[in-house]
Amino acid sequence: MKIQTLTAAAVGAALSVSVAGYAMAASTPAIDDSQATMLAANDASREAEHAMEEAGDAVSDGWITTKVKSVLLVEDATPGMQIEVETKDGVVSLSGTVATEAEKEAAIAKAKGIKGVREVAADGLKAAD
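Attention in this report is confined to the structure presented alongside it. (Residues numbered from 1 in each chain as written. Predicted model: local features only at pLDDT ≥ 70, side-chain atom pairs only at ≥ 80, totals over all residues. Heavy atoms only, no water.)

### Focus on the environment of aspartate 129
So, point 1. With respect to the helices and strands, aspartate 129 occurs in the segment after strand 3 (119-127).
So, point 2. With a relative accessible area of 64%, aspartate 129 lands in the exposed category.
So, point 3. Here aspartate 129 is in contact with Ala99, Thr100 and Glu101, once residues within four sequence places are set aside. (Helix = DSSP H or I, 4+ residues; strand = E, 2+ residues; numbered from the N terminus. Buried < 20%, exposed > 50% of the residue type's maximum accessible area, 1.4 Å probe, protein only. Contact = heavy atoms within 4.5 Å.)

### Quick word on the side chain of lysine 104
So, point 1. Among the structural elements, lysine 104 can be located in helix 3 (residues 101-112).
So, point 2. For the buried residue lysine 104, which engages in no salt bridge, the nearest side chain bearing the opposite charge is glutamate 101, 4.4 Å off.
So, point 3. For lysine 104, the contacting residues outside a window of four places in its chain are Val98, Ala122 and Leu125. (Lys, Arg positive; Asp, Glu negative; His and termini not counted. Salt bridge = Lys/Arg side-chain N within 4 Å of Asp/Glu carboxyl O.)

### Side note on the pairing of strand 3
So, point 1. Note that strand 2 (residues 91-98) and strand 3 share 7 bridges and pair parallel. Paired with valine 98 across the strands is alanine 127, a residue of strand 3.
So, point 2. At this point the chain moves from strand 2, through helix 3, to the parallel strand 3, and the crossover so formed is right-handed. (Pairing = 2+ DSSP bridges. Right-handed = clockwise from strand over helix to strand, strands pointing away.)

### Some words on the sheet that holds strand 3
So, point 1. With respect to topology, 3 strands assemble into an open sheet ordered 1-2-3, the strand pairing being mixed. Looking at which strands have only one partner, the edges of the open sheet turn out to be strand 1 (83-88) and strand 3. On average, adjacent strands in this sheet sit at an angle of 10° to one another, irrespective of strand direction.
So, point 2. The pairing of strand 1 with strand 2 spans 6 bridges and is antiparallel. (Axes fitted to C-alpha atoms, helices over the stretch in contact; angles between N-to-C directions.)

### Focus: the side chain of glutamate 103
So, point 1. Within the secondary structure, glutamate 103 sits in helix 3.
So, point 2. Buried charge without a salt bridge: glutamate 103, with lysine 104 as the nearest opposite-charge side chain at an N-O distance of 12 Å.
So, point 3. Within the structure, glutamate 103 has its side chain in polar contact with the backbone nitrogen of alanine 99 (distance 2.9 Å).
So, point 4. Once residues lying within four places of it in the same chain are set aside, the contact partners of glutamate 103 are Ala77, Thr78, Pro79 and Val98. (Polar contact = N/O pair within 3.5 Å; in protein donor to acceptor, adjacent residues only side chain to side chain.)

### Regarding the nonpolar core
So, point 1. Residues Val68, Ile83, Val92 and Leu94 are the most contacted members of the largest nonpolar core, which totals 17 residues.
So, point 2. No other element matches helix 2 (residues 33-74), which puts 4 residues into this core. (Core = buried A, V, L, I, M, F, W, Y, C linked by side-chain atoms within 4.5 Å.)

### A look at a nonpolar patch on the surface
So, point 1. A cluster of nonpolar side chains, Leu73, Val74 and Met81, forms an exposed patch at the surface whose accessible area comes to about 350 Å².
So, point 2. Among the secondary structure elements, methionine 81 is positioned in the loop between helix 2 and strand 1.
So, point 3. By relative accessible area, methionine 81 is classed as exposed at 70%. (Patch = residues over 30% accessible without salt bridge, like charges linked within 9 Å, V, L, I, M, F, W, Y side chains within 5 Å. Areas by Shrake-Rupley, 256 points an atom, 1.4 Å probe, with all protein chains shown as cover.)

Encoded structure:
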């Protein structure tokens, strides 16, 4: 929900700045319509970028979780369906049960290889053998 709220705020800010920027630029006689549109687009872009930076942590954790899970599902060496993945502040937590210690180590290595991962906690990931 936090991501949706932040995204909605970013879009709303971008749209309001875009309209305000266009109105200001359009009321200046020395600026033609194409320049007014460029000014408004630049303002909107800066506002949207700022809002997305503020939302970056939440987006990053969700992106990391999705990326780790997808890598675990695609790789033959890791049973992705049996591994739970959670991410908080760039720290990935792996839990579940895998068949071998090699599968556990492969899952940890794959998670560590994802951009944005600061640390991998695998205390909850157990090997059956």
